[in-house]
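Inside the fold
Below are the chains, spelled out letter by letter.
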Amino acid sequence: MASTPSLAADAQNLVRGKMLYEKYCVTCHGPQGRGDGAVQFAPPVADLTSSDVLMKPDSRLLKSIHEGRPNTVMDAWKSKLSDEAIRDILAYVLTFPR
Ligand code: HEC
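Calculation notes
Residues numbered from 1 in each chain as written. Predicted model: local features only at pLDDT ≥ 70, side-chain atom pairs only at ≥ 80, totals over all residues. Heavy atoms only, no water. Core = buried A, V, L, I, M, F, W, Y, C linked by side-chain atoms within 4.5 Å. Buried < 20%, exposed > 50% of the residue type's maximum accessible area, 1.4 Å probe, protein only. Helix = DSSP H or I, 4+ residues; strand = E, 2+ residues; numbered from the N terminus. Polar contact = N/O pair within 3.5 Å; in protein donor to acceptor, adjacent residues only side chain to side chain. Contact = heavy atoms within 4.5 Å. Near = heavy atom within 4 Å. Nonpolar A, V, L, I, M, F, W, Y, C, P; charged D, E, K, R; others polar.

With that settled, consider the nonpolar core. Judged by nonpolar contacts, the single largest core of 18 residues is most densely connected at Tyr 21, Leu 81, Ile 86, Ile 89, Leu 90 and Val 93. Broken down by secondary-structure element, the contributors of at least two residues to this core are helix 1 (11-24), helix 4 (58-67) and helix 5 (83-93).

Right under this line is the structure:
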């Protein structure tokens, strides 16, 4: 398979993305990405279904997950998750109802 960082995901990618999301991201981002997880923070957790987030290109969002977001509790995940895992998670996140 080509190594282009495309988010074109098959069912298997989405299953893996869901599993990882529910393991690592759901406590803050909530089950449907709305930022209504069990724990609240300031600055607040991003609503992953909001146009603020969705208007950013995929490459930008991948970078946010890789590197984290400065001065927020959004951590860098690159040491914990492979590039492929991060792509699978984002592909899953993009399936949330808006
Ligand atoms: C400790 C709580 C926490 C966890 C765990 C967490 N996030 Fe976040 N996330 C945040 C916060 C807070 C923000 C808002 C950051 C900001 O204001 O820029 C955010 C923002 C984001 C954004 C938007 C970034 C942008 O550029 O606008 C994405 C995408 C995201 N998170 C994905 C994830 C994924 C995927 C995971 C799991 C691997 C995850 N987050 C785990 C707290 C968390």
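Attention shifts here to the side chain of Thr 49. Inspection of the secondary structure puts Thr 49 in the loop between helix 2 (26-29) and helix 3 (51-54). Under the relative-accessibility criterion, Thr 49 is labelled buried at 9%. At a separation of 3.2 Å, a polar atom in the side chain of Thr 49 contacts the side chain of Arg 34. One polar contact links Thr 49 to Asp 47, side chain to side chain, over a distance of 2.7 Å. Among residues more than four places away in sequence, those in contact with Thr 49 are Gln 32, Gly 33, Arg 34, Leu 54, Phe 96, Pro 97 and Arg 98.

Next up on the list: the site of the ligand. Near the ligand there are 21 residues, and of these Cys 25, Cys 28, His 29, Ser 64 and Met 74 occur at the shortest range. A distance of 2.7 Å separates a nitrogen atom of the ligand from a polar atom in the side chain of His 29. One of the side-chain nitrogen or oxygen atoms of Ser 64 is found 2.6 Å away from an oxygen atom of the ligand. Of all the secondary-structure elements, those providing two or more residues to the shell around the ligand are helix 2 and helix 4. For the shell around the ligand, the element with the highest residue contribution is helix 4, accounting for 3 residues. Considering only residue class, the shell around the ligand consists of 15 nonpolar, 3 polar and 3 charged.

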